[in-house]
Amino acid sequence: MGMYLHLLLLQYYFVSSFVCNAIAFVEEPFGGRSDGYCGRILRAQTHGTRRDGHHEFRLRVEGDPDTYRPGSTYRVTFSEIIDEDETQFMTNCPPAVTESTPRRRTRIQVLWTAPPSGTGCVILKASIVQKRVIYFQDEGSLTVQLCEKEGEATQAPAIECCACGTAKYRLTFYGNWSEKVHPKDYPRRANHWSALIGASHSRSYVLWEYGGYASEGVRQVAEFGSPIKMEEEIRQKGDEVLTVIKTKAQWPAWQPLNLRAAPSAEFSVDRTRHLMSFLTMLGPSPDWNVGLSGEDLCTKECGWVQRLETDLIPWDAGTDSGVTYESPNKPTVPQEKIRPLTSLDHLQSPFYDPEGGAITPVARVVVERIARKGEQCNVVPDTIDDIVADIGQEEKETDDTPETCIYSGWSPWSACSSSTCEKGRRMRQRMLKAQLDLSVPCPHTQDFQPCMGPGCSREEPSTCMMSEWISWSACSVSCGMGMRSRERYVKQYPEDGSLCQLNTEETEKCVVNDECSPSSCVVTEWVEWDPCSVTCGIGMRRRERMVKMPPIDGSMCKTEVAEVEKCMMPECHTIPCMLSPWSEWSECSVTCGRGIRTRQRMLKSDPAECTEELEQTEKCMLPECPVDCMVSEWTEWSECNKTCGKGHTIRTRMIKVEPQFGGSYCPETIQRKKCKLRKCRRKRIKEEEVPGCRMQPWSSWTECTKPCGGGIQERFRVAKKRTKSKGCKDRKEIRACNAREC
């Protein structure tokens, strides 16, 4: 049953409908003009009765998502797919999109671009017109509601920051891009995250943004993973930037956190520079990256955000047109705008999903406030956690211990030297574990503090206040069961001078790859990267690590001990190559069949580096070479076809290769010659008449041994009843067959 179908899409804030004879998308504010052209499309197409549902059709957004990502494209379907070039804007309703070639159909599908951030929820409604009769349904299978997915947009803040003082944050990046989570075409050898680069900055400076164009610095991060140019751009902004944010690259892209800590960096913000942006490349890739743009850490209550945690999906920088992780370089000309990747971008994309579902996040970023300085003016009162965090940071910042001195943790405070309410003092100690530079003294192995005897404080004694646990250390083994530990410290001791009884260190068992094989090996950490192989432009660099413990079974260590990556140096300023025109192509290397030919050109100048090719080679094709006929050796001569008198015998040979392209013809394949046996008796007694010898009739001739080119056939006759007579024997005859040429 064919019918004409329309789709009218209005947002809620917009209302959406499928209507007849075309496919149309319309965005009209809820509560807006009800009598405009866009609002009258449905009524204008029908004169029949409105009904309460149509159970044969279902409106569906591919992938069945509950939320939409602002600006992303989705397929809204009844089932049948149409292409983007089958869609056009409606003449009398500019916001609407209709199919360009209306035709009878039972299924339709259109591409819908989600509205910008801040729109809210969207309701899609469908109605079907058949013979001017509406089957309309407000709920059920012809209605879909989607709400905006939080945290997907990168928008500039709309209000000025009113916070006071400064705040210090720690950014921690957790990569989730792995073969287990993203198995399609995952690059096993060279997968990595580039060095993360970003800044805390003012609103007037934009490092990168959705819908904008990538700067040269952003392009070099997205394509090569090089942060050098982007850091240069950031530092050129002067007072618009407060802190440059940097972390090291991660090779490989994913490892368990008990083997490698997540990279982190600390940065500060203030009232004028309260936005944070960063970028890192997932490699190898054409120009794909993840990051945040213009993330505001200032709250509307004039305070500073305590914690921010966001899942990250990949973005396309718009500078390279590759569609797979390892696509060859293909610059996008002209450059396109920065946009998020979607699961419907390209069939070969590693993120492709025919259902149009959301891309699984490839990373997660956690931004935690670790300290505040200066007078604060937040409207919401501080919590205990806020105060403790600030105190802990102040204690850290007043520690002037040289970096070359490695100490143990402080011991608990001793009992107060005074048992009365007279002033006394208490002491704590720590041990010097290592002195890396003998020329730098390592003081402060003891610490003293004034105190009074128990019960002398006017205020109620306070309890012991501890810091949060520091992250677990790496497991003590790289394979099997080992131990790991974590520590915390005392932030505030009881005012009565008593000791803290809470533990400051914990240990526990840990298992790394509990199915370790005897062929596993232990390696050192990576050494620093070698210098780049070039002094300008794009080169390569290398780093290595050593095998600490070879496999128990004596086999070779299979863990990578060397790796290379691209490196980006300042742009080269070299003399351009001066080349002569190409010479004529040389003669083909063969006189018949397939060969190759070459051509050359010469350098007119001699620059320091010239990478242009000076010789080209291509295949050439000449007429096929003649192929002569090839035959096998002759067979042995057959038996004579007579038992007495004159007869003949034959021999044959086979054609192994047929002549082609004018090659020599095949010689004869069958020969015969005469054979002469004893004379036959003149008065020969017929075989049938030999006394006591009765012969069966001759058998049929066998099939010819060859279909053409000369073969042989045989037939046989055997005795029914044998006697001692010499004439009573089995008989065989041979003849030539299929002597024609093949």
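Everything that follows concerns the structure shown earlier in this document.
Everything quoted here is computed from the prediction, not taken from an experiment. (Residues numbered from 1 in each chain as written. Predicted model: local features only at pLDDT ≥ 70, side-chain atom pairs only at ≥ 80, totals over all residues. Heavy atoms only, no water.)

**A closer look at the state of the cysteines**
Per the counting criterion, the structure on display carries 10 disulfides. Bridging Cys162 to Cys302, the disulfide has an S-S length of 2.0 Å. Here the disulfide of Cys162 and Cys302 is left-handed, its torsion about the S-S bond being about -100°. Placement of the pair is Cys162 in the loop between strand E11 (143-148) and strand E12 (166-175) and Cys302 in the loop between strand E18 (288-296) and strand E19 (307-312), with a sequence separation of 140 residues. The class for Cys302 is buried, based on a relative accessible area of 16%. (Disulfide = S-S within 2.5 Å. Helix = DSSP H or I, 4+ residues; strand = E, 2+ residues; numbered from the N terminus. Buried < 20%, exposed > 50% of the residue type's maximum accessible area, 1.4 Å probe, protein only.)

**Structural notes on a positive patch on the surface**
Side chains of Lys646, Lys674, Lys676 and Lys679 sit close together on the surface and give a patch of like positive charge. In this fold, Lys679 is placed in the loop between strand E40 (670-676) and strand E41 (694-695). Its relative accessible area of 75% is what places Lys679 among the exposed residues. (Patch = residues over 30% accessible without salt bridge, like charges linked within 9 Å, V, L, I, M, F, W, Y side chains within 5 Å. Areas by Shrake-Rupley, 256 points an atom, 1.4 Å probe, with all protein chains shown as cover. Salt bridge = Lys/Arg side-chain N within 4 Å of Asp/Glu carboxyl O. Lys, Arg positive; Asp, Glu negative; His and termini not counted. Charge placed at Lys NZ, Arg CZ, Asp CG, Glu CD.)

**As for helix H3 (residues 228-235)**
Of all the residues in H3, the buried ones are Met230, Glu231, Glu233 and Ile234. The buried residues of H3 occupy an angular sector of 160° when projected down its axis, which confines them to one face. Residues of H3 that are exposed and point over 90 degrees away from its buried face: Ile228 and Arg235. Tucked inside the fold, the buried residues of H3 contact strand E14 (197-201), helix H2 (216-224), strand E15 (241-246) and strand E17 (275-283). (Arc of directions from axis to C-beta. Contact = heavy atoms within 4.5 Å.)

**What about the environment of Arg488?**
Mapped onto the elements, Arg488 comes out in the loop between strand E28 (480-487) and strand E29 (490-492). Arg488 has contacts with Met466, Ser467, Glu468, Trp469, Leu502, Asn503 and Thr504, leaving out every residue within four places of it along the chain. Of note is the side chain of Arg488, whose polar atom sits 2.8 Å from the backbone oxygen of Asn503. (Polar contact = N/O pair within 3.5 Å; in protein donor to acceptor, adjacent residues only side chain to side chain.)

**A closer look at the side chain of Glu563**
When you line up the elements, Glu563 lands in strand E34 (residues 562-568). In terms of polar contacts, Glu563 uses its side chain to reach the side chain of Arg543, at 2.5 Å. Every residue in contact with Glu563, bar those within four places of it in the chain, is listed here: Trp251, Trp526, Trp529, Arg541, Arg542 and Arg543.

**Re the pattern of salt bridges**
Going through the model one piece at a time under the given rule, you end up with 24 salt bridges. Of the charged contacts, one joins Arg307 and Glu368 as a salt bridge, the two residues approaching to 2.7 Å between their closest N and O atoms. Pair noted here: Arg307 is in strand E19 and Glu368 is in strand E22 (residues 363-373), with a separation of 61 residues, a long-range link. Using a relative accessible area of 44% as the deciding quantity, one classes Arg307 as partly exposed. Residue class for Glu368 comes out partly exposed when judged on its relative accessible area of 29%. The salt bridge involving Glu565 is made with Arg541; its shortest N-O contact spans 2.4 Å. Taken together, the positions of Glu565 in strand E34 and Arg541 in strand E32 (residues 538-544) put the pair 24 residues apart, joining distant regions of the chain.

**Topic: the sheet that holds strand E3 (residues 67-68)**
Strand order in this open sheet of three strands is E3-E11-E8, and the pairing throughout is mixed. Looking along the sheet, the strands with just one partner apiece sit at the ends: E3 and strand E8 (121-125). In terms of strand pairing, E8 meets E11 through five bridges, oriented antiparallel. Within E11, the position partnered with Lys125 by the bridge is Thr143. (Pairing = 2+ DSSP bridges.)

**A look at the nonpolar core**
The biggest cluster of nonpolar side chains holds 35 residues, and the ones touching the most others in it are Tyr169, Trp193, Phe267, Met276 and Phe278. Of all elements in the fold, only E12, strand E16 (264-269), E17, E18, E19 and E22 reach the threshold of two or more residues within this core. When residues of this core are assigned to their parent elements, the largest contribution, four residues, is made by E12. When neighbours within four sequence positions are excluded, Trp193 is seen to be in contact with Phe173, Gly175, Trp177, Ala249, Gln250, Ala253, Thr280, Met281, Leu282, Val290, Val362 and Ala363. Counting 17 residues, the second-largest nonpolar core is a separate cluster that includes Ala199, Trp208, Val218 and Ile338. (Core = buried A, V, L, I, M, F, W, Y, C linked by side-chain atoms within 4.5 Å.)

**Quick word on the sheet that holds E12**
By way of backbone hydrogen bonds, the strands of a sheet pair with one another, either parallel or antiparallel. Across the sheet, four strands lie side by side as E16-E12-E22-E19; this open sheet has antiparallel pairing. Each of the sheet's edge strands pairs with one partner strand only, and the pair in question is E16 and E19. Within the sheet, the average angular offset between the axes of one strand and its neighbour, ignoring direction, is 20°. As defined by bridge partners, E19 adjoins E22 across six bridges and the pair is classed as antiparallel. Opposite Thr310, over in E22, you have Val365 as the bridge partner. (Axes fitted to C-alpha atoms, helices over the stretch in contact; angles between N-to-C directions.)

**Section: the packing of H2 against H3**
One way to put it is that H2 packs onto H3 with a least axis distance of 7 Å and a crossing angle of 150°. By the criterion of interaxial angle, the relationship of H2 to H3 is roughly antiparallel. Handedness of the crossing formed by H2 with H3: left-handed. Counted together, Glu216, Gly217, Val218, Gln220 and Val221 of H2 and Lys229, Met230 and Glu233 of H3 form the full contact between these two elements. Looking at the contact of H2 with H3, its residues break down into three nonpolar, two polar and three charged. (Parallel < 35°, antiparallel > 145°, perpendicular 65-115°, else oblique. Left-handed = near helix turned anticlockwise from the far one by under 90°. Nonpolar A, V, L, I, M, F, W, Y, C, P; charged D, E, K, R; others polar.)

**Focus: the packing of aromatic side chains**
Under the counting rule described, the total for this entry stands at 11 aromatic pairs. Between Trp177 and Tyr325 the ring centres are 5.4 Å apart and the planes differ by 50°, which places this aromatic pair in the tilted class. Taken together, the positions of Trp177 in the loop between E12 and strand E13 (192-193) and Tyr325 in the loop between strand E20 (315-316) and strand E21 (339-340) put the pair 148 residues apart, joining distant regions of the chain. By relative accessible area, which is 0% here, Trp177 ends up buried. Aromatic pair Tyr325 and Phe351: ring centres 6.1 Å apart, planes at 80°, arrangement edge-to-face. Remark: Phe351 occurs in the loop between E21 and E22 and Tyr325 occurs in the loop between E20 and E21; sequence separation between them is 26 residues. Ring-pair connections join several aromatic residues into one group, and the members of that group are Phe173, Trp177, Tyr186, Trp193, Trp288, Tyr325 and Phe351. One residue, Arg364, lies across the ring of Tyr174, its end atom 4.9 Å from the ring centre. (Phe/Tyr/Trp six-rings, centres within 6.5 Å; stacked < 30°, edge-to-face > 60°. Lys NZ or Arg CZ within 6 Å of the ring centre and 35° of its normal.)

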